[in-house]
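# A closer look at the structure
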Amino acid sequence: MYRMDVVRTIGNEKLTLEAPWLLKHLHIFFQAFLNGLPFVFISLIITEVLQPYMGKQFSLSFLLILSLAVSYFLVRKQYSPTVISGTNHEQFLQAVIPILKEYGFKINQNNGKLLFASCTTNRIHISDNFYATYTQNSILVFCICELPFPFSVIKARAVLASIKSRWKSG
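Along each chain, the written sequence defines residue order, and numbers are assigned to residues from 1. Since the coordinates come from a predicted model, pLDDT governs what is reported: local features require at least 70, and pairs of side-chain atoms require 80 or more to be given and counted, while whole-chain, interface and lining totals use all residues. The basis for the side-chain values is all heavy atoms of the structure; hydrogens and waters are excluded.

This next bit is on the nonpolar core. Core analysis: the largest hydrophobic core is formed by 21 residues, its most contacted members being Phe92, Leu115 and Phe130. Strands are runs of DSSP state E lasting at least two residues, helices are runs of H or I lasting at least four, and both sets are numbered from the N terminus onward. At the level of elements, helix 5 (89-102), strand 5 (114-119), strand 6 (128-134), strand 7 (138-145) and helix 6 (151-169) are the ones that each hand at least two residues to this core. Counting residues per element, this core draws most heavily on helix 5, at five residues. Whether two residues are in contact is decided by their heavy atoms: any pair within 4.5 Å suffices. With residues up to four places along the chain from it excluded, the contact list for Leu115 reads Phe92, Leu93, Val96, Leu100, Ile107, Gln109, Asn110, Phe130, Tyr131, Ala132 and Tyr134. Counting residues in each nonpolar core, the second largest holds 14 residues, with Leu17, Val75, Tyr131 and Phe142 among its members. Among buried residues, those of type Ala, Val, Leu, Ile, Met, Phe, Trp, Tyr and Cys that are joined through side-chain atoms within 4.5 Å constitute a nonpolar core. In this scheme, a residue with accessible area under 20% of its type's maximum is buried, one over 50% is exposed, and one in between is partly exposed, where area comes from a 1.4 Å probe on protein chains only.

Set out below in structure tokens:
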């Protein structure tokens, strides 16, 4: 994946990557398409069931556009941060590194501004990426999973929930 632009990410509180505009959006649209494959299959099934009642072309186009829009918004939601406040990055690292290792993430970059880890366990071309950037008052955490729906949502929520629960208990 691409490197995070820390300054812009902190400024607009959305994950901003250092990549050309077209490549970033193509990557997001490809991820949305991959994430939306179950919705596309459901749309095809619904179209076949409703064929005698509605125009097949209208219902298929509407359902495909709706399914791709829903999957795009699911992907974009991953680019919004989970905010953890009341900590510094040393305490955060002590809590998060065991969780990342448990889920198969490998830490690629760790400095005073950001933590970047990726996971390609059992996959070659699809990776899950974990970003954390440190501000003065809080830590912005992002978990981007490129698996199809519902696995992308399940893994991202599991990682973030583990981090929150570990942080509250610790």
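Time to look at helix 2 (residues 21-35). Under the convention used throughout, the expected extent of a helix is 1.5 Å for every residue step, that is, one less than its residue count. Between its terminal C-alpha atoms helix 2 stretches 21 Å, which fits the 21 Å expected from 15 residues at 1.5 Å a residue. Residues of helix 2 that are buried: Lys24, His27, Ile28, Gln31, Ala32, Leu34 and Asn35. Along helix 2, the residues classed as buried sweep out an arc of 165° about the axis, all on the same side. The exposed set on the far side of helix 2, more than 90 degrees from its buried face, consists of Leu22 and Phe30. Directions are taken from the helix axis to each C-beta atom, and the arc is the one they span.

This part covers the pairing of strand 3 (residues 82-85). Residue alternation in strand 3 divides its side chains into a buried set, Thr82 and Ile84, and an unburied set, Val83 and Ser85. The pairing of strand 3 with strand 7 spans four bridges and is classified as antiparallel. Of the residues in strand 7, the one forming a bridge with Val83 is Leu140. A strand pair is defined by DSSP finding two or more bridges across the two strands.

The next subject is the packing of aromatic side chains. The relative placement of two aromatic rings is captured by the distance of their centres and the angle of their planes. Any two rings among Phe, Tyr and Trp, with Trp reduced to its six-membered ring, count as a pair given centres within 6.5 Å; such a pair is stacked if its planes are under 30 degrees apart, edge-to-face if over 60, and tilted if neither. According to the stated counting rule, one finds five aromatic pairs in the structure shown. The interplanar angle of 20° and the centroid separation of 5.3 Å between the aromatic rings of Phe29 and Tyr72 together place this pair among those described as stacked. Taken together, the residues span a long stretch of sequence, with Phe29 in helix 2 and Tyr72 in helix 4 (residues 56-78) at a distance of 43 residues. You can call Phe29 partly exposed: its relative accessible area is 49%.

On to the side chain of Thr82, then. Summarising the element assignment, Thr82 is placed in strand 3. What makes Thr82 buried here is its relative accessible area of 14%. Residue contacts for Thr82: discarding those within four places in its chain leaves Ile139, Leu140, Val141, Leu160 and Lys164.

What follows covers the environment of Ala156. Examined against the element boundaries, Ala156 turns out to sit in helix 6. Given the relative accessible area of 8%, Ala156 is considered buried.

This part takes up the packing of helix 2 against helix 3 (residues 37-49). How two helices sit against one another is set out by the angle between their axes and by the gap between those axes. Helix axes use the C-alpha atoms of the stretch in contact, all axes being lines fitted to C-alpha atoms, and the angles between their N-to-C directions lie in the range 0 to 180 degrees. Closest axis-to-axis distance for the helix 2/helix 3 pair is 4 Å, and the angle between their directions is 50°. Between helix 2 and helix 3, the interaxial angle falls into the category oblique. On the side of helix 2, the interface is formed by Phe33, Leu34 and Asn35, while helix 3 contributes Leu37, Pro38 and Phe39. If an angle is under 35 degrees, it is roughly parallel; if it is over 145, roughly antiparallel; if it lies from 65 to 115, roughly perpendicular; otherwise it is oblique.

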